[in-house]
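Below are the chains, spelled out letter by letter.
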Amino acid sequence: MFSKASNFVYGVDSAFLIITGISVFFLVVLTALMIYFVIKYNRKNGKPAQQIKDNMALEITWIAIPMIIVLYMFYIGWKGFIPMRVVPEDAIEITAEGSMWKFKFEYPGNKIADTLVVPIDRSILINLKSVDVLHGFSVPAFRIKEDMVPNKPNYSWFTAGELGDYDIYCTVYCGLNHSNMLGVIRVVTQQEYDKWLLTLHEKLKDSPQGMKILEKNGCIACHSLDGSKVVGPSFKGIYGSKRKVSTSGSEREITVDDAYITKSIVDPGADVVVGYPAGLMQPYKSLSESDLKLINEYLKGLK
Amino acid sequence: MSNVSANSEYVSYLDHHGKYKGIMSWIMATDHKRIALLYMYSIMTFFIIGVVLGIMMKLEMLTPGETIMKAKMYNSVFTLHGILMIFMVVIPGLSAVFGNFFLPIHIGAKDVSFPKLNRFSWWIFVVGSIMAVLSQVLKDGPPDTGWTFYAPYSTTTSSNVIMATAAAFVLGFSSILTGLNFIVTIHQLRAPGMKFFNMPLFPWALYATAWIQLLATPVIGITLLMLIAERAFHIGFFDPALGGDPLLFQHLFWIYSHPAVYVMMLPAMGVITEIIPTFCQRQIYGYKAVAVSSLAIAGVGFLVWGHHMYTSGMSDTARWFFSLLTFIVAVPSAIKVFNWITTMYKGSIDVKPPFLYALAFIFLFIIGGTTGLLLGSVATNVQVHDTAFVVAHFHYIIFGGMGFAFFAAIHYWLPKMYGRMYDFKMANIGLVINFIGFNLLYFPQFVIGIQGMPRRYFDYPAKFQPAQLVSSIGGFILVTGLIIMIYTLVKGARKGAPAPANPWRGSTLEWQIPSPPSVENFDEEPVIKENPYDYK
Ligand code: HEM
Ligand SMILES: [Cu+2]
Ligand SMILES: [Cu+2]
């Protein structure tokens with residue numbers, strides 16, 4: 001009856017069914033009573049109303065019974081939840097990093113992947129972190145969800161029980177492309193997992209500093225490095241290229257240089273590249289002089 | 001018409017313009033009844049704009065990907081929709097409109113304690129609303145943070161967050177001052193012979209509400225000021241990049257915004273508690289339990305805010321503590337439902353539009369309330385938090401609950417406020433369409449929410465489309481019903497047949513005076529009954 005997708009399905013779904021069952025029971029009984037009273041005691045029937053005295057015993061009953069029911073609901077809800085915070089010692093540790101607007105997964109040995117591949121029947125601990133704003137890490141099929149909070153580590157864990165692909169959603173609103181912040185968990189056998197791990201390349205230990213700044217500020221989410229158009233123009237070959245921009249409503253052609261790049265970062269609304277909507281990019285005023293220089297240097301090399 | 005209105009001194013508050021003429025006689029009015037109407041017209045305007053924004057979102061949701069607008073616009077639309085509906089419609093809603101109009105009358109008073117302060121509260125409300133409009137048109141573009149303004153997104157986005165939060169800050173003062181005014185009024189101006197436990201239950205609900213407004217609203221004020229300071233001067237309260245803590249913002253925000261849910265709901269429950277006895281001609285069952293449960297909800301409601309943050313990374317102790325209290329605060333609400341339904345037992349039930357709206361309210365409120373249990377329980381919360389399930393839940397509570405209570409109230413009191421009656425048949429047609437449309441619009445959201453569809457999503461996987469389609473169709477049906485309802489009410493208020501003083505055989509004081517009431521409400525000393533719901 002319960003799916004085996006993860007070890008939490010049973011606890012969550014049984015709490016869900018019990019609470020929903022009791023709720024539907026009350027909804028049906030109370031609605032039926034209302035309809036019954038409206039028909040039975042309708043004024044059209046011509047019977048005068050009877051004034052009925054309050055009954056202490058009755059009132060105490062209907063305070064006590066709901067109180068017991070809700071305490072029970074609290075208990076099953078808590079019982080279903082506790083295991084989510086108790087991570088087994090032998091769990092495989094993977095870090096999920098949220099940034100505007102994608103998930104990235106870091107495997108032991110400093111390896112990076114876009115898809116979260118995990119072996120079946122093993123406990124997986126996911127360390128959650130965010131580099132910019134709040135994000136949510138939600139896997140509905142596994143019944144797990146925790147927020148990714150900048151500078152405040154959080155975690156989630158699970159043991160997957162069925163092979164297959166499962167959706168990951170970002171559930172905490174994080175700006176423009178929040179609804180595109182999706183990911184996939186792929187549950188595979190241990191052999192496949194081991195094989196897959198070998199195909200992962202190591203994260204460049206020292207990616208150029210300019211690149212690090214771009215990553216940290218989430219620039220890459222909208223500006224690709226490979227020439228493809230995402231939200232904004234690609235960075236590939238940007239330096240020295242010519243482009244049409246609109247400046248306070250009038251179009252002109254410019255050549256991309258240091259001054260133009262810096263201005264586009266701190267005041268993106270001043271010159272808007274024709275064909276892209278104005279106002280989408282926020283001004284990044286907190287970048288330091290040296291950061292801006294590093295970005296410029298990095299972009300120069302991006303042919 | 002009633003015997004009192006034959007009195008030669010009687011001048012309806014609608015005709016008596018005092019020192020000023022024309023529109024100024026409204027803007028400068030201190031009469032609680034005129035101020036109530038001013039609030040009603042402004043709030044109805046914002047409600048209609050909010051509904052239009054809601055329908056735009058439903059159009060966008062018809063198909064995955066872009067349908068009628070881009071992501072950027074969708075994000076500002078749900079933000080504005082939330083800000084309007086929460087800060088400018090449901091929070092002031094019942095207490096500023098029907099509270100202003102009927103609180104003094106219910107306790108046998110001529111006005112509130114501070115009529116000029118009351119007028120000032122409405123002015124502040126207007127200023128705050130204008131600021132909210134400005135936030136949409138100023139240079140940096142409409143805010144796109146959601147009405148919750150979560151940091152650090154809200155401290156870094158380039159849109160007009162400062163203006164929008166400043167608007168909410170100003171609107172808060174209107175709420176605080178109204179609360180203060182009501183508390184003092186209830187303490188000072190009850191007619192001779194009316195003790196607390198002789199008051200009708202609507203003033204009781206307003207009393208509990210007013211305390212929340214007074215005590216909780218300053219918290220959001222401070223929070224929004226901190227946010228503004230952070231944006232303007234880079235003082236690091238919330239943004240970790242500046243050394244702040246984003247969870248601090250969430251705590252502060254919900255310390256206000258959860259109690260604010262009861263600012264919406266308690267007066268709604270109060271309205272239903274007035275309507276049911278009248279149409280059943282039966283004294284309310286469990287008067288004291290209903291009165292005290294309002295205070296209990298207000299009190300415990302201060303301590304449950306953390307149920308909005310189970311997955312935020314707060315400590316496990318906090319998680320169970322908030323869950324436990326959340327379940328406990330559900331009980332007084334359940335008690336009210338039992339009392340309402342028991343009041344129907346052996347009554348003489350007159351099935352008129354206000355009563356039907358009250359029944360619809362109870363049904364929708366049970367769904368809203370019991371789905372709240374699923375959100376309060378930690379294990380199930382993890383599954384449905386921040387999904388369409390939450391969107392469905394809070395629309396069932398605030399629209400199905402507070403909104404339908406507002407509709408019930410206006411169908412109940414319109415003859416008193418305008419001295420005219422609307423068409424019952426049209427009102428019933430509007431009601432049925434509203435009810436069907438509402439459930440079609442929001443019920444599917446529970447289903448896809450359980451399947452994982454996150455909220456505030458401009459785009460969605462194709463598997464959710466059938467439910468989104470049903471939901472959008474429901475939206476169009478609901479709007480049709482709303483149009484019929486508003487048309488019927490406006491027509492009734494302007495051209496309806498003159499209403500008698502007591503069309504529903506109500507027993508509270510507003511039904512003992514002419515429709516519409518005179519300027520001073522009571523031209524003769526009101527007779528205070530020991531039991532406000534005495535139908536013998
Ligand atoms: C015809 C009427 C309405 C429609 C079609 C509608 C529709 C919607 C939709 C589609 C959303 C966005 C959900 C998302 O993006 O995930 C939303 C959010 C919301 N609605 Fe409504 N709604 C209506 C009436 C109301 C009313 C009457 C209230 C309050 C009394 C209300 C309060 C809210 C709030 C607070 C939000 C959350 C905004 C946010 O996420 O920042 N809505 N509504
Ligand atoms: Cu997101
Ligand atoms: Cu809450």
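Described in the following lines is the structure provided in the data block. (Residues numbered from 1 in each chain as written. Chains lettered and ligands numbered in written order. Predicted model: local features only at pLDDT ≥ 70, side-chain atom pairs only at ≥ 80, totals over all residues. Heavy atoms only, no water.)

Considering the pattern of salt bridges
Think of it this way: side chains of opposite charge can pair up when their charged atoms draw near.
Stage number 1. Applying the stated criterion to the full structure yields 17 salt bridges over all chains.
Stage number 2. Of the charged contacts in the structure, one is a salt bridge between Asp350 of chain B and Lys352 of chain B, with a shortest N-O distance of 3.1 Å.
Stage number 3. What you see here is one network of salt bridges that share partners, running through Arg85 and Glu146 of chain A together with Asp316 and Arg319 of chain B. (Salt bridge = Lys/Arg side-chain N within 4 Å of Asp/Glu carboxyl O.)

Things to note about the site of ligand 1
Residues and elements named next belong to chain B.
Stage number 1. By nearness alone, 25 residues border ligand 1, and His81, Val90, His395, Tyr442 and Arg456 come closest of all.
Stage number 2. The side chain of Arg455 places a nitrogen or oxygen atom 3.1 Å from an oxygen atom of ligand 1.
Stage number 3. A distance of 2.5 Å separates an oxygen atom of ligand 1 from a polar atom in the backbone of Arg456.
Stage number 4. Listed by contribution, the elements that provide at least two residues to the shell around ligand 1 are helix H2 (32–60), helix H3 (71–90), helix H14 (388–418) and helix H15 (424–450).
Stage number 5. Looking at which element gives the most residues to the shell around ligand 1, the answer is H3, with seven residues.
Stage number 6. Broken down by class, the residue content of the shell around ligand 1 amounts to 17 nonpolar, five polar and three charged. (Near = heavy atom within 4 Å. Polar contact = N/O pair within 3.5 Å; in protein donor to acceptor, adjacent residues only side chain to side chain. Helix = DSSP H or I, 4+ residues; strand = E, 2+ residues; numbered from the N terminus. Nonpolar A, V, L, I, M, F, W, Y, C, P; charged D, E, K, R; others polar.)

Considering the coordination of the copper ion (ligand 2)
Residue and element names in this part refer to chain A.
Stage number 1. Looking at the metal site, the copper ion (ligand 2) is ligated by Cys170 (SG), Val172 (O), Cys174 (SG) and His178 (ND1), spaced 2.1 to 2.8 Å from it.
Stage number 2. Classification of the site at the copper ion (ligand 2) rests on its four donor atoms, whose angles at the metal span 85 to 128°, yielding the label irregular.
Stage number 3. In primary-sequence terms, the residues that donate to the copper ion (ligand 2) follow C-x1-V-x1-C-x3-H.
Stage number 4. Looking at Val172, the relative accessible area reads 5%, which means it is buried.
Stage number 5. Look at Cys174 and you get buried, because its relative accessible area is 0%. (Donors = N, O, S within 2.8 Å, 3.2 Å for Na, K, Ca; no water. Tetrahedral: all angles 85-135°; square planar, octahedral: opposite > 155°, others 65-115°. Buried < 20%, exposed > 50% of the residue type's maximum accessible area, 1.4 Å probe, protein only.)

Points about the coordination of the copper ion (ligand 3)
Residues and elements named next belong to chain B.
Stage number 1. Around the copper ion (ligand 3), the protein contributes the donor atoms His258 (ND1), His307 (NE2) and His308 (NE2), which lie 1.6 to 2.1 Å from the metal centre.
Stage number 2. When the donor residues of the copper ion (ligand 3) are listed from N- to C-terminus, their spacing reads H-x48-H-H. Of the two residues, His258 is situated in helix H9 (residues 246–280) and His308 in the loop between helix H10 (287–300) and helix H11 (316–344); the sequence distance between them amounts to 50 residues.
Stage number 3. Owing to a relative accessible area of 21%, His308 belongs among the partly exposed residues under this scheme.

Some remarks on the interface of chain B and chain A
Stage number 1. Facing the 89 residues of chain B at the interface are 77 residues of chain A.
Stage number 2. If you look at where chain B meets chain A, you find four salt bridges.
Stage number 3. Asp350 of chain B is the salt-bridge partner of Arg43 of chain A, the closest N and O atoms lying 3.4 Å from each other.
Stage number 4. The tally of links from chain B across to chain A stands at 24 residue pairs in polar contact (both at pLDDT 80 or more).
Stage number 5. At the level of elements, H3, helix H6 (153–156), H9, H10, H11, helix H12 (353–376) and helix H13 (378–384) of chain B are the ones that each hand at least two residues to the side of chain B that touches chain A.
Stage number 6. Element by element, the count of residues in the side of chain B that touches chain A is highest for H11 of chain B, at 15 residues.
Stage number 7. Of the residues that constitute the side of chain B that touches chain A, the class distribution is 48 nonpolar, 27 polar and 14 charged. (Contact = heavy atoms within 4.5 Å.)

Description of H10 of chain B
In an α-helix, one turn spans 3.6 residues, which is why side chains three or four residues apart end up on the same side.
Stage number 1. In this model, H10 of chain B (14 residues) spans 20 Å end to end at C-alpha, consistent with the 20 Å of a helix rising 1.5 Å per residue.
Stage number 2. Within H10 of chain B the residues assigned to the buried category are Tyr287, Ala289, Val290, Ala291, Ser293, Ser294, Ile297 and Ala298 of chain B.
Stage number 3. At its buried positions, H10 of chain B is contacted by helix H2 (56–85) of chain A together with helix H8 (201–233), H9 and H11 of chain B. (Expected span 1.5 Å × (residues − 1).)

With respect to the nonpolar core
Stage number 1. The biggest cluster of nonpolar side chains holds 258 residues, and the ones touching the most others in it are Phe137 of chain A together with Phe98 of chain B.
Stage number 2. With 21 residues, the top contributor of residues to this core is H14 of chain B.
Stage number 3. Excluding its chain neighbours within four sequence positions, the residues that come into contact with Phe98 of chain B are Leu103, Phe202, Phe406, Ala409, Ile410, Trp413 and Met417 of chain B. (Core = buried A, V, L, I, M, F, W, Y, C linked by side-chain atoms within 4.5 Å.)

A few points about the environment of Ser3 of chain A
Residue and element names in this part refer to chain A.
Stage number 1. When you line up the elements, Ser3 lands in the segment before helix H1 (9–40).
Stage number 2. On the basis of relative accessibility, which here comes to 35%, the residue Ser3 falls in the partly exposed class.
Stage number 3. Within the local environment of Ser3, its side chain forms a polar contact with the backbone nitrogen of Ala5, the two atoms lying 3.1 Å apart.

Re the sheet that holds strand S1 (residues 92–99) of chain A
Residue and element names in this part refer to chain A.
Stage number 1. Here we have five strands laid out as an open sheet, ordered S3-S2-S1-S5-S8, and mixed in their pairing. Of all strands in the sheet, those bounded by a partner on one side alone are strand S3 (111–113) and strand S8 (154–159). In this sheet, adjacent strand axes meet at a mean angle of 30° when their direction is disregarded.
Stage number 2. In this structure, S1 lies alongside strand S5 (residues 123–130), joined through seven bridges in parallel fashion. Bridging from a neighbouring strand, Gly98 pairs with Ser130 of S5. (Pairing = 2+ DSSP bridges. Axes fitted to C-alpha atoms, helices over the stretch in contact; angles between N-to-C directions.)

Some words on the sheet that holds strand S12 (residues 250–255) of chain A
Residues and elements named next belong to chain A.
Stage number 1. The three strands lie next to each other as S12-S11-S13, forming an open sheet whose pairing is antiparallel. The two strands at the open ends of the sheet, each matched to only one other strand, are S12 and strand S13 (271–273). Going from strand to strand, the sheet's axes swing by 45° on average, the running direction of each strand aside.
Stage number 2. Across three bridges, the pairing between strand S11 (residues 242–247) and S13 is antiparallel. Across the sheet, the residue bridging to Thr247 is Asp271, located in S13.
Stage number 3. The sheet contacts of helix H5 (residues 258–266) involve S11, S12 and S13, and relative to S13 the element is tilted by about 95°.

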